[in-house]
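# Per-entry structural report
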Amino acid sequence: MADLRVRIGALELKNPILSASGTFGYGLEFSRMMDIGKIGAFCTKGLSLKPRSGNQMPRICETPSGMINSIGLENVGIDAFETEKLPAIRQTGATVIANFFGDTEADYVQVARRLAAMEGVHALEMNVSCPNVDKGGIEFGGDPVFLEKLTAMIKKVAGVKPLIVKLSPNVADIRPFAAAVENGGGDAISAINTLKGMSIDVKTRRPKIKRVFGGLSGPAIKPVALKMVYECVKTVKIPVIGIGGIATLDDALEFLIAGATAVQVGTMNFVEPSICQRLAEELNAFCERENIIRVTDLIGTLRQD
Ligand SMILES: Cc1cc2nc3c(=O)[nH]c(=O)nc-3n(C[C@H](O)[C@H](O)[C@H](O)COP(=O)(O)O)c2cc1C
């Protein structure tokens, strides 16, 4: 067996293959189809203070090599997560990264404080790609100065649990945002969230998504994601978790070689529910075949000669 362990702040993951928020439910849905304790970790659906029902349907559609979603952050809320989901999740032995968001700064702080105190939550992943109600709908992740301040506030309440900040790709230059997370004391960056997109049904001439725009994900976004992850890696010293369009082991390897410490698989979970477990096994076989003793020896080995 190759040594596939990687570190995200104080947290050691058994391997660098993680499942992405919003594509893996609360883990339990997938535990019927795979051993969720065998992957590096899974990220929960984005959690908020109160339950949310999300946007009106239709809110997903297929696109070439991908999909657009406008789920609207539907989730059970942190109370139901703690009482109805977490006890069963703990039984699986899975490593849990709680993805969360808020409408206001105070919301973010309150949710993070609650999640940090929950046994069975191993790390927090802060989603900043949602509109800030206090600031009139501007995204939290859209201003590096504010992002640094928010990161510092959340880091204070996260305690010993690593704080991962998930960046939006819908900015002209991702580097100042990566720097803001590091300067604010974040333990890691995850990137990217979905890219804004749109699709039209030519027969009805209606948008395929009720709210017109949604987030594009899946293999279609991989080259964009890889470029942004590489830019983050070059900007900060903290670990970067690569996300975007991963469908094969080679895709995951590209992110690791570019310098990502770990990767998350999103949309492809809908195509092949046990893909993360398969990729973790394939990564082990690859390392053994290539005589790579520790996966960390592979990370950031991009050659430009
Ligand atoms: C249906 C759906 C729901 C998602 N919900 C969340 C969410 O709640 N929080 C979050 O941070 N990202 C969410 N995402 C973004 C994914 O975690 C991931 O960043 C993105 O889909 C890119 O990865 P992929 O191309 O492998 O899907 C969602 C994505 C999809 C497709």
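Residues numbered from 1 in each chain as written. Predicted model: local features only at pLDDT ≥ 70, side-chain atom pairs only at ≥ 80, totals over all residues. Heavy atoms only, no water.

## Focus on the site of the ligand
Taken together, the neighbourhood of the ligand is formed by 23 residues, with Ser 21, Lys 166, Gly 218, Gly 245 and Thr 267 sitting nearest. Contacts to the ligand include Lys 166, whose side-chain N or O atom sits 2.7 Å from an oxygen atom. Contact with the protein chains removes 97% of the 610 Å² of surface that the ligand exposes when unbound. Tallied by class, the residues present in the shell around the ligand amount to six nonpolar, 15 polar and two charged. (Near = heavy atom within 4 Å. Polar contact = N/O pair within 3.5 Å; in protein donor to acceptor, adjacent residues only side chain to side chain. Areas by Shrake-Rupley, 256 points an atom, 1.4 Å probe, with all protein chains shown as cover. Nonpolar A, V, L, I, M, F, W, Y, C, P; charged D, E, K, R; others polar.)

## Observations regarding the sheet that holds strand β18 (residues 262–265)
Spatial strand order, β3-β4-β7-β8-β11-β12-β17-β18: eight strands in a closed barrel with parallel pairing. Strand-to-strand twist in this sheet, taken as the mean axis angle between neighbours without regard to direction, amounts to 25 degrees. Sheet analysis places strand β3 (residues 17–19) next to strand β4 (residues 41–43), joined by two bridges and oriented parallel. Bridge assignment links Leu 18 to a residue of β4, and that residue is Ala 41. (Pairing = 2+ DSSP bridges. Helix = DSSP H or I, 4+ residues; strand = E, 2+ residues; numbered from the N terminus. Axes fitted to C-alpha atoms, helices over the stretch in contact; angles between N-to-C directions.)

## A closer look at unusual backbone geometry
The step from Met 57 to Pro 58 runs through a cis peptide bond, and the omega angle for that step is 0 degrees. In this structure, the amide linkage connecting Ala 191 to the following residue, Ile 192, adopts the cis form with an omega of 15 degrees. By the secondary structure assignment, Ile 192 is in the loop between β12 (188–191) and β13 (195–198). Its identity as a non-glycine residue notwithstanding, Arg 205 has a phi of 60 degrees, on the positive side. Position of Arg 205 relative to the elements: it lies in the loop between β14 (200–201) and β15 (206–207). Residue Arg 205 is classed as exposed on the basis of its relative accessible area of 73%. The phi dihedral of Asn 291 falls on the positive side, at around 55 degrees, and the residue is not glycine. Judged by its relative accessible area of 66%, Asn 291 falls in the exposed class. (Buried < 20%, exposed > 50% of the residue type's maximum accessible area, 1.4 Å probe, protein only.)

## Looking at the packing of aromatic side chains
Under the counting rule described, the total for this entry stands at six aromatic pairs. Measuring from centroid to centroid gives 6.3 Å for Tyr 26 and Phe 81, while their planes differ by 40 degrees, and the two rings are tilted. Taken together, the residues span a long stretch of sequence, with Tyr 26 in the loop between β3 and α1 (28–31) and Phe 81 in helix α2 (residues 77–92) at a distance of 55 residues. Judged by its relative accessible area of 8%, Tyr 26 is buried. Residue classification places Phe 81 among the buried positions, given a relative accessible area of 0%. Aromatic side chains Tyr 108 and Phe 140 sit 4.6 Å apart centroid to centroid with 70 degrees between the ring planes, which places their arrangement in the edge-to-face category. Taken together, the residues span a long stretch of sequence, with Tyr 108 in helix α3 (residues 105–116) and Phe 140 in the loop between β10 (138–139) and α4 (144–158) at a distance of 32 residues. Comparing Tyr 108 with Phe 140 shows no difference in burial state: the two are buried. Through successive ring pairs, a cluster of aromatic residues spans Phe 100, Tyr 108, Phe 140 and Phe 146. (Phe/Tyr/Trp six-rings, centres within 6.5 Å; stacked < 30°, edge-to-face > 60°.)

So, to be careful, I would describe these as geometric facts and stop short of saying anything about function.
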